[in-house]
Amino acid sequence: MEVTRERAWETLTRYTKSEALLRHARAVEAATVWYARRSGEDEELWAAVALLHDFDYEIHPTLDQHPQDGAPILRDEGWPEEVVEGVLSHAEHLSMPRDTPLKKTLFACDELSGFVHACGLVRPDGIDTLEPKSVRKKLKQPSFAAGVHRDEVYEGAELLGLELDEHIRNVVEALRPIAPQLGLRTAATAQA
Ligand SMILES: [Fe+2]
Ligand SMILES: [Fe+2]
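What you are looking at is a predicted structure, and each value in this text was computed from that prediction instead of being measured.

**Regarding the coordination of the iron ion (ligand 1)**
Here comes step 1: Protein-derived ligands of the iron ion (ligand 1) are Asp54 (OD), His66 (NE2) and His90 (NE2), with the metal-ligand distances lying across 2.1 to 2.2 Å.
Here comes step 2: Read from N- to C-terminus, the donor residues coordinating the iron ion (ligand 1) fall into the pattern D-x11-H-x23-H.
Here comes step 3: In this structure the iron ion (ligand 2) is found 4.1 Å away from the iron ion (ligand 1), and Asp54 serves as a bridging donor for the pair. With His66 in the loop between helix 3 (43-52) and helix 4 (71-76) and His90 in the loop between helix 5 (81-89) and helix 6 (101-121), this residue pair connects regions lying 24 residues apart in the sequence. Taken as a pair, His66 and His90 share a single burial class, namely buried.

Written out as structure tokens, the structure is:
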């Protein structure tokens, strides 16, 4: 099977109906592909793995099933092992080695995309003017977007060999073009 973004979206939307989960998938995709583009990696492959990483969360909402019980479904659907392994590698509790740039990037973008998204939702212009400094400040407030694991955000930047501020800046830049699809306001809509 040829690995494409479009096929991944098809598989994802067959198992996932929640708008919030679809937005999460798109955000992680945008950030992951931003890094793929920057280093000349296979954008279709990286997009597919990012879109699929939580594809089974709606049917397997607990960690005794997600994402490990999703793997046989992906194999049945014809997804190659490279994709299945990439998907499995994002889960902390499976302790799989993050031994490729794709696995490192997916892990680094998963929690931070969600966090940047959450920061944008409480700002009048979304993420248009969001700076790393205010993201870092929010990271230190445990009650804000409490579901985001801070240690995984810090670990992700380290895994990429980036300063946290640079990683935040990259993710914000990656999400800006899809801000409206993520339900975020923009400077343009704020004025309207
Ligand atoms: Fe997950
Ligand atoms: Fe995720």
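**Some thoughts on the coordination of the iron ion (ligand 2)**
Here comes step 1: Donor atoms from the polypeptide that coordinate the iron ion (ligand 2) comprise His24 (NE2), His53 (NE2), Asp54 (OD) and Asp110 (OD), at 2.2 to 2.3 Å from the metal.
Here comes step 2: Classification of the site at the iron ion (ligand 2) as irregular follows from its four donor atoms and the range of 85 to 175° in their angles at the metal.

**Considering the pattern of salt bridges**
Here comes step 1: If you walk through the whole model with that rule in mind, you get 10 salt bridges.
Here comes step 2: The salt bridge involving Arg38 is made with Glu166; its shortest N-O contact spans 3.7 Å. Taken as a pair, Arg38 in helix 2 (residues 19-38) and Glu166 in helix 9 (residues 164-175) lie far apart in primary sequence, 128 residues in all.
Here comes step 3: We note a salt bridge from Arg136 to Asp165, for which the minimum N-O separation is 2.6 Å. A residue pair is termed long-range when its members are at least 10 positions apart, and Arg136 in helix 7 (residues 132-139) and Asp165 in helix 9 qualify at 29 residues.
Here comes step 4: In this structure Asp165 comes out as partly exposed when scored by relative accessible area, which is 22%.

**Let's talk about the nonpolar core**
Here comes step 1: Residues Leu52, Trp79, Val83, Phe115, Val116 and Leu175 are the most contacted members of the largest nonpolar core, which totals 55 residues.
Here comes step 2: Take this core: its biggest share by element is nine residues, from helix 2.
Here comes step 3: Apart from the residues lying within four places of it in its own chain, the contact partners of Val83 are Val3, Leu45, Val49 and Leu52.

**A closer look at the side chain of His117**
Here comes step 1: On the secondary structure map, His117 appears in helix 6.
Here comes step 2: When residues no more than four places from it in sequence are discounted, the contact partners of His117 are Arg23, Leu182 and Leu184.

**Observations concerning the packing of aromatic side chains**
Here comes step 1: This structure, assessed with the given rule, holds three aromatic pairs.
Here comes step 2: Measuring from ring centre to ring centre gives 5.1 Å for Trp34 and Tyr35, while their planes differ by 80°; the resulting arrangement is edge-to-face.
Here comes step 3: The exposure class of Tyr35 is buried, given its relative accessible area of 5%.
Here comes step 4: Ring plane angle 80° and centroid distance 5.6 Å describe the contact between Phe115 and Phe144, whose orientation is recorded as edge-to-face. Taken together, the positions of Phe115 in helix 6 and Phe144 in the loop between helix 7 and helix 8 (150-160) put the pair 29 residues apart, joining distant regions of the chain. For the pair Phe115 and Phe144, a shared accessibility class is recorded, and that class is buried.
Here comes step 5: Seen from the ring of Phe107, Arg98 lies directly overhead, with NZ or CZ sitting 3.7 Å from the centre.

Parameters and conventions
- Residues numbered from 1 in each chain as written.
- Chains lettered and ligands numbered in written order.
- Predicted model: local features only at pLDDT ≥ 70, side-chain atom pairs only at ≥ 80, totals over all residues.
- Heavy atoms only, no water.
- Donors = N, O, S within 2.8 Å, 3.2 Å for Na, K, Ca; no water.
- Helix = DSSP H or I, 4+ residues; strand = E, 2+ residues; numbered from the N terminus.
- Buried < 20%, exposed > 50% of the residue type's maximum accessible area, 1.4 Å probe, protein only.
- Tetrahedral: all angles 85-135°; square planar, octahedral: opposite > 155°, others 65-115°.
- Salt bridge = Lys/Arg side-chain N within 4 Å of Asp/Glu carboxyl O.
- Core = buried A, V, L, I, M, F, W, Y, C linked by side-chain atoms within 4.5 Å.
- Contact = heavy atoms within 4.5 Å.
- Phe/Tyr/Trp six-rings, centres within 6.5 Å; stacked < 30°, edge-to-face > 60°.
- Lys NZ or Arg CZ within 6 Å of the ring centre and 35° of its normal.

Treat this as a map of the structure, not an account of what it does.
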